[in-house]
Amino acid sequence: MGLKALSRLIAGAPDYESGTWTPTIAGATVAGVQTYAVQNGVYIKLGKLVVAWATITMTAKDGATSGNILIAGLPYMSGTASGFPSALNNVSNVNLDAGYSQFIIRVRPNGKTDAIMGMAGDNVGSTNVTDVDIGNDTTVSAVLIYQTDL
């Protein structure tokens, strides 16, 4: 360990880690086993803050998949302060219900390793994306920012 790194450690700088993870698309009721063309994930953890990037492209959705749709496999469990909407880069082939114009993703709080997909719009309450809203060729690219208690 170099002198600079040692001085930061002594000063109480938060720990830093980076790595890869494998994102999946799953149903909350029945996860299902999807087939993918792309499953890329990288993350940075700085103290309790986690920033995880994901790009997922499905080629086949398992017909057994059911319930609200999740991006699963996050590198760390969420903390109690998670659950805020995350940044979204790209989504295709996700059907938004009538009256909804925005696709949202939020990491579920309290020890979860997934983020729930949702939709919002003008003068309507937000609701979750479900298994009937995605198809064989769904693509999601997202930046998920959340807190872990680890």
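The rules behind these values
- Here the residue numbering is sequential within each chain, running from 1 through the sequence in written order.
- Per-residue local features are limited, in this predicted model, to residues with pLDDT of at least 70; the limit for side-chain atom pairs, both in listing and counting, is 80 or more; totals at the level of whole chains, interfaces and linings are taken over all residues.
- Think of the side-chain values as coming from all heavy atoms in the structure, minus any hydrogens and water.
- Only DSSP runs of H or I reaching four residues or more are called helices, and only runs of E reaching two or more are called strands; each is numbered from the N terminus.
- Any pair of nitrogen or oxygen atoms within 3.5 Å is treated as a polar contact; in protein, a donor-acceptor pairing is required on top of that, and neighbouring residues in sequence qualify only through side-chain atoms on both sides.
- Only heavy atoms matter for contacts: two residues are in contact if any of them lie within 4.5 Å across the pair.
- Just to be clear on terms, a salt bridge is a Lys or Arg side-chain nitrogen sitting within 4 Å of an Asp or Glu carboxyl oxygen.
- Burial status follows relative accessibility: with a 1.4 Å probe on protein chains alone, a residue under 20% of its type maximum counts as buried, one over 50% as exposed, and anything between as partly exposed.
- Every residue gets a pLDDT, meaning the predictor's confidence in that residue, from 0 to 100.

### Points about the side chain of Asp-114
Reasoning step 1: Within the secondary structure layout, Asp-114 lies in strand S8 (residues 114–121).
Reasoning step 2: At 2.6 Å, the side chain of Asp-114 forms a polar contact with the side chain of Arg-108.
Reasoning step 3: Look past the residues within four positions of Asp-114 in its chain and what remains in contact with it is Leu-70, Ile-71, Ala-72, Leu-74, Val-107 and Arg-108.

### Regarding the pattern of salt bridges
Reasoning step 1: Tallying each qualifying case throughout the model produces 2 salt bridges.
Reasoning step 2: As a salt-bridge pair, Lys-45 and Asp-15 come within 3.1 Å of each other at their nearest N and O atoms. Here the residue Lys-45 occupies a position in strand S3 (residues 35–46), and Asp-15 occupies one in the loop between helix H1 (3–10) and strand S1 (16–20), the gap between them amounting to 30 residues.
Reasoning step 3: Overall, Lys-45 belongs to the buried group, its relative accessible area being 4%.
Reasoning step 4: Accessibility expressed as a relative area gives 41% for Asp-15, which makes it partly exposed.
Reasoning step 5: Here Asp-114 and Arg-108 are joined by a salt bridge, their closest N and O atoms 2.6 Å apart.

### Quick look at the side chain of Thr-57
Reasoning step 1: Structurally, Thr-57 is set in strand S4 (residues 49–60).
Reasoning step 2: Of note is the side chain of Thr-57, whose polar atom sits 3.2 Å from the side chain of Thr-139.

### What to know about the environment of Pro-75
Reasoning step 1: Turning to its location among the elements, Pro-75 is positioned in the loop between strand S5 (69–72) and strand S6 (87–94).
Reasoning step 2: Residue Pro-75 is classed as partly exposed on the basis of its relative accessible area of 25%.
Reasoning step 3: It is 8.0 Å that separates the C-alpha atoms of Pro-75 and Thr-20, two residues lying 55 residues apart in sequence.
Reasoning step 4: Every residue in contact with Pro-75, bar those within four places of it in the chain, is listed here: Trp-21, Tyr-43, Val-50, Ala-52 and Tyr-146.

### Concerning unusual backbone geometry
Reasoning step 1: A positive phi is found at Asn-93, a non-glycine position, where the angle reads about 60°.
Reasoning step 2: Its location among the elements puts Asn-93 in strand S6.
Reasoning step 3: Positioned with a positive phi, Asn-123 is a non-glycine residue whose angle comes to about 65°.
Reasoning step 4: Within the secondary structure, Asn-123 is located in the loop between S8 and strand S9 (124–128).

### Comments concerning the confidence of the model for the protein chain
Predicted coordinates in areas of low pLDDT are best not read in detail.
Reasoning step 1: Scored by pLDDT, the protein chain has a mean of 89; 88% of the residues are at 70 or more.
Reasoning step 2: Per-residue pLDDT, averaged within each element of the protein chain, yields its smallest value for H1 (53) and its largest for strand S2 (residues 24–27) (98).

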